[in-house]
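Summary of structural features
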Amino acid sequence: MKTTKVSELIDQVRREGRVSLTEAESKSLLSLYGIPVVEEAMVLNEGDAIVQSRRMGFPVVLKGMGSRLTHKTERGLVKVNLKCDDEVQQAFRHIKEAAGEDWEACLIQPLIKGTREFVAGMIRDPQFGPSVMFGLGGIYTEALSDVSFRIAPIDEFQANAMLDDIRACKLLGAFRGEAEVDKKQLVQVLTGLSRLGMDYPEIKEIDINPFIVMPNGSIKAVDALIILADASEIPQGTNLAGDSDHEKEIRVALDTMMHAQSIAVLGATAPRPNFPGIFECVRRFGFSGRLYPVNPKAQDYDGIKFFPSLSSLPEKVDLVILSIPAPLVPDALRECAATGNKNIHIFSAGFKETGEEEGIRLQAEIETIAHEGGLHVVGPNCMGFYVPASRMLTWTDASAESGPVSLVSQSGGNAQDFTHYISSTYGIHFSKCISFGNALTLDSTDFVDYLAHDEETKIITMYLEGVKDGPRLLRQIREISPEKPVILYKSGLTESGARAVSSHTGSMSGGEMIWKSFFKQTGAIPVDSIEEMADVTLAVHHIGATQGRKTTVIGIGGGNGVAVADSCARVGLELPAFSPELTTTLRKSIGIDGSMIRNPIDSVIAFASLPVMGETLELLARSGEIDNFIISMSLDWLTLKKEKSGTYAETIASYLADEGRKHTHGKPLIAVLRQYQPDPAIKECIPLVEKILLAGGIPVYKSLSQAVSALSKVVAYNEFCKRAYTTPDSRDEDRVALA
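So, a few notes on the structure that sits alongside this text. For every chain, the first residue of the written sequence is number 1, and numbering continues from 1 along that sequence. Totals for whole chains, interfaces and linings use all residues, but because this is a predicted model, local features are given only for residues with pLDDT of at least 70 and pairs of side-chain atoms are given and counted only at 80 or more. Heavy atoms throughout the structure, all of them, feed into the side-chain values; hydrogens and water do not.

1. Quick word on the nonpolar core
Within this scheme, the nonpolar core is defined by two criteria: the residues are buried Ala, Val, Leu, Ile, Met, Phe, Trp, Tyr or Cys, and they are joined through side-chain atoms within 4.5 Å. Think of it in three bands: residues with accessible area under 20% of the maximum for their type are buried, residues over 50% are exposed, and the middle band is partly exposed, with areas taken using a 1.4 Å probe on protein chains only. Ranked by size, the top nonpolar core spans 87 residues in total, and within it Phe 607, Met 613, Leu 620, Ile 631, Met 633, Leu 656 and Leu 693 carry the most contacts. Each helix corresponds to a stretch of at least 4 residues labelled H or I by DSSP, and each strand to a stretch of at least 2 residues labelled E; elements are numbered beginning at the N terminus. When residues of this core are assigned to their parent elements, the largest contribution, nine residues, is made by helix H25 (residues 704-726). Residues Phe 275, Ile 304, Met 392 and Leu 473 belong to the second largest nonpolar core, which totals 55 residues.

2. Some points on the side chain of Lys 27
Inspection of the secondary structure assignment puts Lys 27 in helix H2 (residues 23-31). Classification of Lys 27 as buried rests on a relative accessible area of 2%. When neighbours within four sequence positions are excluded, Lys 27 is seen to be in contact with Val 37, Val 38, Glu 40, Lys 63, Gln 109, Ala 221, Val 222, Asp 223 and Ala 224. We call two residues contacting when some pair of their heavy atoms lies within 4.5 Å.

3. Remarks on the pattern of salt bridges
The salt bridge criterion pairs a side-chain nitrogen of Lys or Arg with a carboxyl oxygen of Asp or Glu, the two atoms within 4 Å. All told, the structure shown has 35 salt bridges when counted by the stated rule. The salt bridge involving Lys 27 is made with Glu 40; its shortest N-O contact spans 2.8 Å. Residue Lys 27 is found in helix H2, and its partner Glu 40 is found in the loop between H2 and strand S1 (41-43); the two are separated by 13 residues along the sequence. Under the relative-accessibility criterion, Glu 40 is labelled partly exposed at 22%.

4. Looking at helix H10 (residues 329-339)
All buried positions along H10 are accounted for by Val 329, Pro 330, Ala 332, Leu 333 and Cys 336. Projected onto a plane normal to the axis of H10, the buried residues spread over an arc of 160° and lie on a single side. Summarising the geometry of H10, the exposed residues directed more than 90 degrees from the buried face are Asp 331 and Ala 338. Packed against the buried residues of H10 are strand S11 (262-266), strand S13 (319-322), strand S14 (343-346) and helix H11 (357-373). Residue Gly 340 follows H10 closely and has a positive phi angle near 80°. The arc under discussion is defined with respect to the helix axis, by the directions toward the C-beta atoms.

5. Description of the sheet that holds S1
Strands sit in the order S1-S4-S2-S3 across an open sheet of four strands; the sheet is antiparallel. Sheet topology places S1 and strand S3 (78-82) at the edges, where each strand pairs with a single neighbour. Along the sheet, successive strands turn relative to each other by an average axial angle of 25°, direction set aside. By the bridge criterion, three bridges tie strand S2 (residues 60-65) to S3 in an arrangement that is antiparallel. From the neighbouring strand, Lys 63 faces S3, where its bridge partner is Val 78. All axes are obtained by fitting lines to C-alpha atoms, using only the stretch in contact for helices, and the reported angles, taken between N-to-C directions, cover 0 to 180 degrees. Running over the sheet, H2 touches S2 and strand S4 (105-110) and is turned about 50° from S4. Each pair of strands is called paired provided DSSP finds at least two bridges between the two strands.

6. Regarding the packing of helix H12 (residues 412-426) against helix H17 (residues 530-543)
At a minimum axis separation of 10 Å, H12 and H17 run at an interaxial angle of 45°. As summarised for this structure, H12 and H17 are arranged oblique, according to the angle between their axes. Every pair of crossing elements has a handedness; the one defined by H12 and H17 is right-handed. Across the interface between the two elements, Asn 414, Phe 418, Tyr 421, Ile 422 and Tyr 426 of H12 pack against Ile 530, Glu 531, Met 533, Ala 534, Asp 535, Thr 537 and Leu 538 of H17. In this classification, the charged set is Asp, Glu, Lys and Arg, the nonpolar set is Ala, Val, Leu, Ile, Met, Phe, Trp, Tyr, Cys and Pro, and all remaining amino acids, among them Gly, are polar. Of the residues in the contact of H12 with H17, the class split is eight nonpolar, two polar and two charged. Oblique is the label for every angle not falling under 35 degrees (roughly parallel), over 145 degrees (roughly antiparallel), or within 65 to 115 degrees (roughly perpendicular). For any pair of crossing helices, the crossing counts as left-handed if the nearer helix is rotated counterclockwise from the farther one by less than a right angle, and right-handed if it is rotated clockwise.

7. Digging into the pairing of S2
Across the six residues of S2, six count as buried, placing the element largely inside the fold. Side chains of S2 alternate between two faces, with Val 60, Leu 62 and Gly 64 and Val 61, Lys 63 and Met 65 buried alike. Looking at chain direction, S2 and S4 are connected through six bridges and run antiparallel. By the bridge assignment, Gly 64 is partnered in S4 with Cys 106.

8. Re a nonpolar patch on the surface
Exposure above 30% relative accessible area and the absence of a salt bridge qualify a residue for a patch, where like charges join within 9 Å and nonpolar side chains (Val, Leu, Ile, Met, Phe, Trp, Tyr) within 5 Å. Using a 1.4 Å probe, accessible areas were evaluated by the Shrake-Rupley method; residue-level cover was limited to the displayed protein chains. On the surface, Ile 139, Tyr 140 and Leu 144 cluster together into a nonpolar patch covering about 350 Å² of accessible area. Here Ile 139 lies in the loop between strand S6 (129-136) and helix H5 (140-144).

9. Regarding the pairing of strand S23 (residues 551-555)
Most of S23 sits out of view: five of its five residues are buried. Burial along S23 is two-sided: the residues Thr 551, Val 553 and Gly 555 and Thr 552 and Ile 554 are all buried. Examined bridge by bridge, S23 and strand S26 (residues 628-634) share four bridges and lie parallel to one another. Bridge assignment links Thr 552 to a residue of S26, and that residue is Phe 629. Note: S23 against strand S25 (residues 601-603), two bridges, orientation parallel.

10. Some points on unusual backbone geometry
Residue Pro 59 is reached from Phe 58 by a cis peptide bond, and omega for that bond is -5°. Structurally, the position occupied by Pro 59 is in the loop between helix H3 (46-56) and S2. Put simply, Asn 209 and Pro 210 share a cis peptide bond, and its omega is 5°. For Pro 210, the position within the fold is in strand S8 (residues 203-213). The residue Asp 302 is not glycine, and still its phi comes out positive at about 50°. For His 665, which is not glycine, the phi dihedral falls at a positive 55°. Tracing the backbone through its elements, the reader meets His 665 in the loop between helix H23 (648-663) and strand S29 (669-674). Accessibility expressed as a relative area gives 41% for His 665, which makes it partly exposed.

In structure tokens form, the structure reads like this:
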């Protein structure tokens, strides 16, 4: 019955050529989804207005109503606190005259009294679909932008998390003599909006502003607007259950590409001075399979025979790489389909990412060819694959060592930069790296699905500009996160960044608020740069599980202690004061002279005497007052003392990497190497100290702010994982959000 009423109402609005429902129609529809709306009556003349006012009881509110009236307050079409017949009559006349030809009727409502106003609604995001919003309402909605979003579908747990998200969440409690807000009602509103958005893709936007909280804590929607989507904007449906057969087919195809035994490179040439070419990159990296250069115009070189076409090859290959001008790609894809070569990487650029008419036309053409031919295409406009175990590399240089991390990157440049940076800086290596560019037939969700099933991948890192199937990505990462951490660098969140994204890969960038909700709902770890992605990957790789946010810093120098206290507060880590009992115990171990037994601990003796360092770590770990350790090593001081085996800083690093870690009893231990003096000898010891610490499984950073930020994100990730396993129905489709 509810479905019939809603559909009939939407159809009627469509037939009348309208793009939005009237206020009365909007409230009628919302009430069908359990959203409490104010009582009201539609009146067409002054007499009816007076009669209805008397029936409801003064004071009342009178509003203009019409299919073209959407900003009534700005036009003076809302009159409040009308206390008698004369005021109602005068207000009716004024509204009708001010509305002019747009007037169709007036709505009369009882005046809802309350000092707190909130807003709720739903928008249909281009990438993720219906997204529910809640926040501070009334005149403060736009002025303060204190709102929270969640991507639908949402459950009660997620709805409650939205209430806690807003800065003004204290207003939901008892306030100035008024009762606490009925949160069950608010949760019912938010989950109702979620269902409405999921049920009716024809609805583009819902705005309920304000919800007024009455003195007894109950809520009423006193104004509402529902906007319909244009026919071209209505999504054709999302397969929430997934297509398991199709997904399996893609996984098999990607596995064949990643572990290719035969590769053909169309457009292969002899090496050039500035770039050796894709064929030579694969060859130089040591690919041990069968490698076929295809180019009818190329001359043989270095004993390598060139083939004129795919059809001239002695076999179908596992992967075809197209390194040819964009206008030649359509015919090349047709040849791939005709010869049964289904797995393709298009290195070539010059398509949709150009923003030019011809590039857009070319991409549409090759997309049609790829779909009709059943081709699995990575690209175009991308660097492709880096798989050390398969000796596959389509750029000039990378580590040949395999590791636990995989990368999915929409940018080829970022793929190269990140793999170089993290392997050379932190000694972390890769299992798989995929640069996929314009995502013709294979998008980020296909690669994520593959990596989720890949036993060699323990940590997934991502650089994204846009995504074709946001709901699928949300579902995937929410399911993957508790098993495999996902570290995601999402660009294009600002207006200028979104413009850059459009010019790069032609992707549509989601709004910042929607992506923030994505991170909260999935447990994906957000980062803002290549460097931060490396920092967090390092911490995730070495730290593992965390127990809480209580952190201590042990170092030399009080000023840095104050700074780290501020840094911890900014990212949500706690730097708790020690209990009197723990302080007394530490004082006995560390001594009095030159030490400050607070948190942070400023103690030269803890570094000068390593047994003191060990006892300090032991006491703190066993106290139950500390969850995480940060050791701040001042190399300007610690390199003054020379040891037979090197500097004293190296001695401390060796101690922490072995004996020191034992005293933390499995709690995270991070090191920071601070160095400011322009002394070449000090700078020379830094790589040695880093190597010792990293070999011992201790993340090491160059600044306290880096360390604190990385640690906080690992702690938040672990909190998400705990919720994912403890929240009722946490494995269901609508499960846990990260509050």
